[in-house]
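Remarks on the overall topology
Each chain, written out:
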Amino acid sequence: MRIQLLSSFVIAAWLVGTASAQTTQPAERETPLTDIIQLTTGFARAGEAYFSPDMTHVIFQASPERDAHYQMFLAKVTRDGDRIVGVGEPMRISEENSRNTCGYFSPDGKTIIFGSTVGKERPDEADGGYKREGRSYVWSFPTGMEIHVADNWQRGDYSTKPLTDNDVYDAECAYSPDGKWICFTRGAGKDADLYVMRADGSDAVKVVGAPGYDGGPFFSPDGKRLVYRSDRKGNDLLQIFVADLAFDEAGNITGMKEERQLTNDNHVNWGPYWHPGGKHIVYATSVHGHHNYELYLMRDDGTKPTRITYAPGADVLPVFSPDGKWLMWTSKRTPDGTTQVFAARFKLP
């Protein structure tokens, strides 16, 4: 894969946005947040960003044009002292004529993974990703989507190799804290299950196999649990679950030991992510309407939900920095009404 740069138009728009990027005050009652900064500009849409372990880079998906497929980008975090003030010039690391999603760094920072249809793109398939339709979110699953890994990105080599190869959707991937395992979603249509496999793509094991869609898994900071979203009732209203993993005597993941449902309502609850302390989970919910998704924080047993964001428009896909001091998320609180990546200092309420 050749290194892919942004078009001159997008670079120019990004440079203009970066030059004028400033921290903003949080919306009223957003007391856990300070020093809010818009990290991406110049894209028609951008989101689902994750920090590298050393917090020097972010990986995210974005599209220069509104109806174009998502591409995967890397950008270097820029700072003023201990404050994040923006990102450097984004570098596209995915190939043209592909759909891309769910980028993630290995715990040692040496590799990145993401879902991509490179080499297996089918233009006749519906585009992937969540879409609002009425009171719910619906999504599609490109059958050419595989999990790809880039081992030499730190040396400027963004070539990838597939870790999976089949005729179903493989994506929504993340590493375990020790880097030995990858959890991911595998499925066809709206029947998707959760799997784990070794970091080299071998020994895939089904962990959650309930009917319907289960996806978006992340390992807990101690590596013993998964948090994920599930359409368990088949009504497109996602709920959040946590599963205790089962291990054999050699430490291999063999499946699920126990599952607990953390949310159970008539709303979409999705994009759950662990706080590094392992006792809290942040997520997005439609409780305030499908055009005004907001972020909430709850205990890892589903109790004490606390609202984090209050701005108009969607606030979704929240993640914490490795040190827990920053929250990064996808938001439509932009001057131009586009969806972009934001970050803010975070303090547990």
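**Some thoughts on the environment of arginine 66**
Its place among the elements puts arginine 66 in the loop between β4 (57-63) and β5 (71-80). Sequence-wise, arginine 66 and threonine 338 are 272 residues apart; in three dimensions their C-alpha atoms are separated by 9.3 Å. For arginine 66, the contacting residues outside a window of four places in its chain are Ala44 and Arg45.

**Regarding the pairing of strand β3 (residues 45-51)**
Remark: a regular strand shows side chains that alternate across the two faces of the sheet. Among the seven residues in β3, seven count as buried, and that is most of the element. Two strands pair when backbone bridges link them, and β3 and β4 are joined in this way by five bridges, in the antiparallel orientation. In the sheet register, alanine 46 faces β4, and the bridge partner there is alanine 62.

**As for unusual backbone geometry**
The phi torsion at aspartate 35 lies on the positive side, around 50°, for a residue other than glycine. Position of aspartate 35 relative to the elements: it lies in strand β2 (residues 33-38). With a phi close to 65°, methionine 55 is a non-glycine residue in the positive phi region. In this fold, methionine 55 is placed in the loop between β3 and β4.

**Details of the sheet that holds strand β14 (residues 169-175)**
Sheet architecture is open: four strands sit in the order β14-β15-β16-β17, paired in antiparallel fashion. Whereas interior strands pair on both sides, the edge strands pair on one side only; in this sheet they are β14 and β17 (205-208). Across the sheet, the axes of successive neighbouring strands diverge by a mean angle of 35°, strand direction being ignored. Bridge analysis of strand β15 (residues 181-188) against strand β16 (residues 191-198) gives eight bridges, and the strand direction is antiparallel. Paired with phenylalanine 184 across the two strands is tyrosine 195, which belongs to β16.

**Re the sheet that holds strand β12 (residues 146-150)**
Strand order in the open sheet made by the four strands is β8-β9-β12-β13, with antiparallel pairing throughout. Each end of this open sheet is capped by a strand with a single partner; those strands are β8 (100-105) and β13 (161-162). Here two bridges tie β12 to β13, and the two strands are oriented antiparallel to one another. Within β13, the residue paired with valine 149 across the bridge is lysine 161.

**A short note on the pairing of strand β23 (residues 280-285)**
Summarising burial for β23: six of the six residues are buried, a large majority. Burial along β23 is two-sided: His280, Val282 and Ala284 facing one way and Ile281, Tyr283 and Thr285 facing the other are all buried. As judged from the four bridges shared by strand β22 (residues 269-274) and β23, these two strands associate in the antiparallel manner. When the bridges of β23 are listed, tryptophan 270 appears paired with alanine 284. Between β22 and β23, which pair antiparallel in sequence order, lie five residues; one of them, glycine 278, sits at a positive phi of approximately 80°.

**Some thoughts on the environment of tryptophan 270**
Structurally, tryptophan 270 is set in strand β22. Taking the C-alpha atoms as reference points, tryptophan 270 and leucine 238, separated by 32 residues in sequence, lie 6.1 Å from one another.

**Section: the nonpolar core**
Core analysis: the largest hydrophobic core is formed by 94 residues, its most contacted members being Phe60, Ile113, Leu327 and Met328. Aside from chain neighbours lying at most four places away, what touches leucine 327 is Leu33, Val282, Leu295, Ile308, Pro318, Val319, Phe320, Phe342, Ala343, Ala344 and Phe346.

About the thresholds
Residues numbered from 1 in each chain as written. Predicted model: local features only at pLDDT ≥ 70, side-chain atom pairs only at ≥ 80, totals over all residues. Heavy atoms only, no water. Helix = DSSP H or I, 4+ residues; strand = E, 2+ residues; numbered from the N terminus. Contact = heavy atoms within 4.5 Å. Buried < 20%, exposed > 50% of the residue type's maximum accessible area, 1.4 Å probe, protein only. Pairing = 2+ DSSP bridges. Axes fitted to C-alpha atoms, helices over the stretch in contact; angles between N-to-C directions. Core = buried A, V, L, I, M, F, W, Y, C linked by side-chain atoms within 4.5 Å.

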